[in-house]
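Next come the chains, spelled out residue by residue.
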Amino acid sequence: MFVRTADSRPRPNLSEIGLSTASDPIISSSEFTYPKGTEIFGEKEPAMYVYQIKRGAVRSYKLLPDGRRQIGAFHLVGDIFGLENGDKHRFTADAIVDTVVRLIKRTSLQLVAAKDAVVSHHLLSMTTRNLEHAENHMLLLGRKTAAERVAAFLLEMDCRAGAEKMLLPMSRRDIADYLGLTIETVSRVLSRLRRAGVVTVEGEYQRELILLDRRRLADFDPQT
């Protein structure tokens, strides 16, 4: 299911996983490589680790009773995921592409957080951001049109990419399952955005995007 990456370097500290602390304790961690499509953890499995992506991308999702898949979040390089309030994972997570992930034992992190207020604050901030994302995603699915959902997704990815050209690791099906739409609807909205001169789509799999007009994208009306 996974391949351990040999690494004789010193164990990473909290600042290297996105948390900084004055005492700078050493946290035990491991690195694993997950091939494309490999499950990292499953829904309702014990939440024993916290994860950070070093290379690649991960999606977290639930399978609905009718067999449909609802993606809750995409995790990109540098993102930390798998931080749960309870003892079990609420979602399944798998690798979108070949992905290298750093694993940190949850118990180790909790012990440090109990002694270090800075680390505790960072963990609380991460939990709050995850909750905010879940609330925004729920609003996106419940109150916005198809065009607004696709536009909001592109703006989110643009903000996270921090580059002129976005190379999306996820497929159209992934985007559709994240936005609660069909693949055909996602493709249709992207085509309208291209014709309107708001974005360009390039690459063999049409995953390289450049946003030409972010203001128009934020207010995009497919009827105009």
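Heads up: the structure comes first, above all this text.
Report on the accompanying structure. (Residues numbered from 1 in each chain as written. Predicted model: local features only at pLDDT ≥ 70, side-chain atom pairs only at ≥ 80, totals over all residues. Heavy atoms only, no water.)

1. Overview of the pattern of salt bridges
Part 1 of the argument: Under the criterion given, the structure shown has 14 salt bridges.
Part 2 of the argument: The partner of R69 in a salt bridge is D177, and the shortest N-O contact between them spans 2.8 Å. One end of the pair, R69, is in strand β6 (residues 69–75); the other, D177, is in helix α4 (residues 172–179), and 108 residues separate them in sequence.
Part 3 of the argument: Among the residues examined, D177 registers a relative accessible area of 16% and is labelled buried.
Part 4 of the argument: Members of the salt-bridge network, linked through shared partners, are R59, R69, D94, D174 and D177. (Salt bridge = Lys/Arg side-chain N within 4 Å of Asp/Glu carboxyl O. Helix = DSSP H or I, 4+ residues; strand = E, 2+ residues; numbered from the N terminus. Buried < 20%, exposed > 50% of the residue type's maximum accessible area, 1.4 Å probe, protein only.)

2. Quick notes on the layout of surface pockets
Part 1 of the argument: Approximately 1100 Å³ is the volume found for the largest pocket.
Part 2 of the argument: H75, M126, R129, N130 and L131 are the residues nearest the centre of the largest pocket, which is lined by 37 residues in total.
Part 3 of the argument: At the level of secondary structure, the elements contributing two or more residues to the lining of the largest pocket comprise β6, β7 (80–81), α1 (106–115), α2 (117–143) and α3 (146–161).
Part 4 of the argument: Broken down by element, the lining of the largest pocket gets its largest block of residues, 12 residues, from α2.
Part 5 of the argument: Partitioning the lining of the largest pocket into residue classes produces 17 nonpolar, 13 polar and 7 charged. (1 Å grid on protein atoms, 1.4 Å probe; cavity = no way out; pocket = protein on both sides within 12 Å on 5 of 7 lines; lining within 4 Å. Points joined across faces, edges and corners; volume = space filled by probe spheres on them. Nonpolar A, V, L, I, M, F, W, Y, C, P; charged D, E, K, R; others polar.)

3. Regarding the nonpolar core
Part 1 of the argument: One finds V150, F153, L154, L168, M170, L179 and L193 to be the most contacted residues of the largest nonpolar core, which totals 32 residues.
Part 2 of the argument: Elements supplying a minimum of two residues to this core: β6, α3, α4, α5 (183–195), β11 (199–202) and β12 (208–211).
Part 3 of the argument: Per-element tally for this core: the top contributor is α3, with 6 residues.
Part 4 of the argument: In contact with L154, not counting residues within four places along its chain, are M166, L190, L193, V199, L209, L211 and L217.
Part 5 of the argument: With 12 residues, the next largest nonpolar core counts F32, I53, A93 and V101 among its residues. (Core = buried A, V, L, I, M, F, W, Y, C linked by side-chain atoms within 4.5 Å. Contact = heavy atoms within 4.5 Å.)

4. Comments concerning the sheet that holds β12
Part 1 of the argument: With antiparallel pairing, 3 strands are arranged side by side in an open sheet as β10-β12-β11. Every other strand in the sheet has two partners, leaving β10 (165–167) and β11 as the edge strands with one partner each. Adjacent strand axes in the sheet meet at a mean angle of 25 degrees, parallel and antiparallel pairs treated alike.
Part 2 of the argument: With 4 bridges connecting them, β11 and β12 associate as antiparallel partners. By the bridge assignment for β12, E202 is matched with E208. (Pairing = 2+ DSSP bridges. Axes fitted to C-alpha atoms, helices over the stretch in contact; angles between N-to-C directions.)

5. Side note on α4
Part 1 of the argument: Here α4 lies mainly inside the structure; 6 of its 8 residues are buried.
Part 2 of the argument: Of all the positions in α4, only D174, I175, A176, D177, Y178 and L179 are classed as buried.
Part 3 of the argument: The inward-facing, buried residues of α4 abut β5 (58–63), β6, α2, α3 and α5.
Part 4 of the argument: Count one or two residues on from α4 and you reach G180, which has phi positive near 70 degrees.

6. Considering the packing of α3 against α5
Part 1 of the argument: Across the interface, α3 lies against α5 with an axial gap of 10 Å and an inter-helix angle of 75 degrees. Taken together, the axes of α3 and α5 lie roughly perpendicular to each other. In this structure, α3 contributes A146, A147, V150 and L154 to the contact, and α5 contributes T185, V186, V189, L190 and L193.
Part 2 of the argument: Broken down by class, the residue content of the contact of α3 with α5 amounts to 8 nonpolar, 1 polar and no charged. (Parallel < 35°, antiparallel > 145°, perpendicular 65-115°, else oblique.)

7. A short note on the packing of aromatic side chains
Part 1 of the argument: Applying the stated criterion to the full structure yields 7 aromatic pairs.
Part 2 of the argument: Here the aromatic rings of F74 and Y178 are separated by 5.0 Å at their centres, their planes lie at 45 degrees, and the arrangement is tilted. Highlighted residues: F74 in strand β6 and Y178 in helix α4, separated in sequence by 104 residues. Assigned by exposure class, F74 and Y178 land together as buried.
Part 3 of the argument: Among the aromatic residues, those joined into a ring-pair cluster are F41, Y49, Y51 and F81. (Phe/Tyr/Trp six-rings, centres within 6.5 Å; stacked < 30°, edge-to-face > 60°.)

8. Description of the environment of I183
Part 1 of the argument: Looking at the element boundaries, I183 is found in helix α5.
Part 2 of the argument: In this structure I183 comes out as partly exposed when scored by relative accessible area, which is 28%.
Part 3 of the argument: For the pair I183 and R173, spaced 10 residues apart in the sequence, the C-alpha separation amounts to 5.5 Å.

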